[in-house]
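Chain residues, written in single-letter form:
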Amino acid sequence: MQTALIIAAEETHNPLIPPVYDIVWSLVAFVIIFIVMWRVVTPRITKMLDERTDAIEGGIKKAEAAQEQAAAALDEYNKQLADARAEASRIREQARADATSIGNEVREQASADAARITANAQAQIEAERQSALQSLRSEVGTLALGLASGVIGESLQDDAKATAVVDRFLADLESSQGAQTAAGTEH
């Protein structure tokens, strides 16, 4: 019995080492799966990865092209903006020059109008002064003759001598006022 136990003990296998038939069948299944993976699955995965790579590279090229177009559009925009700013500056300068020119013209026209109005006013004032002086002279002469007639008791209205006396009196009066005015301006 001991020999039977020894033989039985020698026939027990190590649990870590599988039997040979399991190794053979596992190897056959592995080879079949490997061939299927190598022939069918790997080309499909490779094709799919290549398509994705092409799509990504195409997207990158499109993005680079779009970026170049955007950069060109930005450069064009900046150029147009600079041109517009230069044009606006030129228009502002022209407007300032025009405003200065118009302002000078308006000032000159206003000065000419003021000088014309002043000359007209002075001429009118002088005409009214002469008219008032003539009227005053006539009134003073009439009053003087009336007073002299009252003092003398005779009528001096028709006498040419009376008119000459009144004119001489007024001339003396004007010359004495002119002398007083000249003396007043010297002080």
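Residues numbered from 1 in each chain as written. Predicted model: local features only at pLDDT ≥ 70, side-chain atom pairs only at ≥ 80, totals over all residues. Heavy atoms only, no water.

## Comments concerning the overall build of the protein
Scanning the protein for helices and strands turns up three helices and zero strands. Its helices and strands taken in sequence order, the protein reads α-α-α from the N to the C terminus. Buried residues in the protein amount to 4% of all 187 residues. Here the protein displays about 16200 Å² of accessible surface, and carbon together with sulfur accounts for 62% of that area. (Helix = DSSP H or I, 4+ residues; strand = E, 2+ residues; numbered from the N terminus. Buried < 20%, exposed > 50% of the residue type's maximum accessible area, 1.4 Å probe, protein only. Areas by Shrake-Rupley, 256 points an atom, 1.4 Å probe, with all protein chains shown as cover.)

## Describing the packing of aromatic side chains
The final tally for this structure, using the stated rule, is one aromatic pair. Measuring from centroid to centroid gives 6.3 Å for Phe 30 and Phe 34, while their planes differ by 20°, and the two rings are stacked. Note that Phe 30 and Phe 34 are positioned in helix H2 (residues 20-152) at a spacing of four residues, about one turn of the helix. Take Phe 34: its relative accessible area is 48%, and that puts it in the partly exposed class. (Phe/Tyr/Trp six-rings, centres within 6.5 Å; stacked < 30°, edge-to-face > 60°.)

## Some details on the confidence of the model for the protein
Summing up the model confidence of the protein, the mean pLDDT is 84 and the portion of residues at 70 or higher is 81%. When pLDDT is averaged over each helix and strand of the protein, the minimum, 61, is found for helix H1 (residues 2-11) and the maximum, 90, for H2. (pLDDT = per-residue confidence, 0-100.)

## Let's talk about the pattern of salt bridges
With the rule as written, the count across this model stands at four salt bridges. Here Arg 90 and Glu 87 are joined by a salt bridge, their closest N and O atoms 2.4 Å apart. In this pair, Arg 90 and Glu 87 are both assigned in helix H2, three residues apart and thus about one turn of the helix distant. Look at Arg 90 and you get partly exposed, because its relative accessible area is 47%. Here Arg 116 and Asp 113 are joined by a salt bridge, their closest N and O atoms 3.5 Å apart. Taken together, the residues span about one helical turn, with Arg 116 and Asp 113 both in helix H2 at a distance of three residues. Since its relative accessible area comes to 27%, Asp 113 is described here as partly exposed. (Salt bridge = Lys/Arg side-chain N within 4 Å of Asp/Glu carboxyl O.)

## Observations concerning a nonpolar patch on the surface
Together, Val 20, Tyr 21, Val 24, Trp 25, Val 28, Ile 32, Val 36 and Val 40 line one region of the surface with nonpolar side chains, adding up to about 810 Å² of accessible area. Within the fold, Ile 32 resides in helix H2. (Patch = residues over 30% accessible without salt bridge, like charges linked within 9 Å, V, L, I, M, F, W, Y side chains within 5 Å.)

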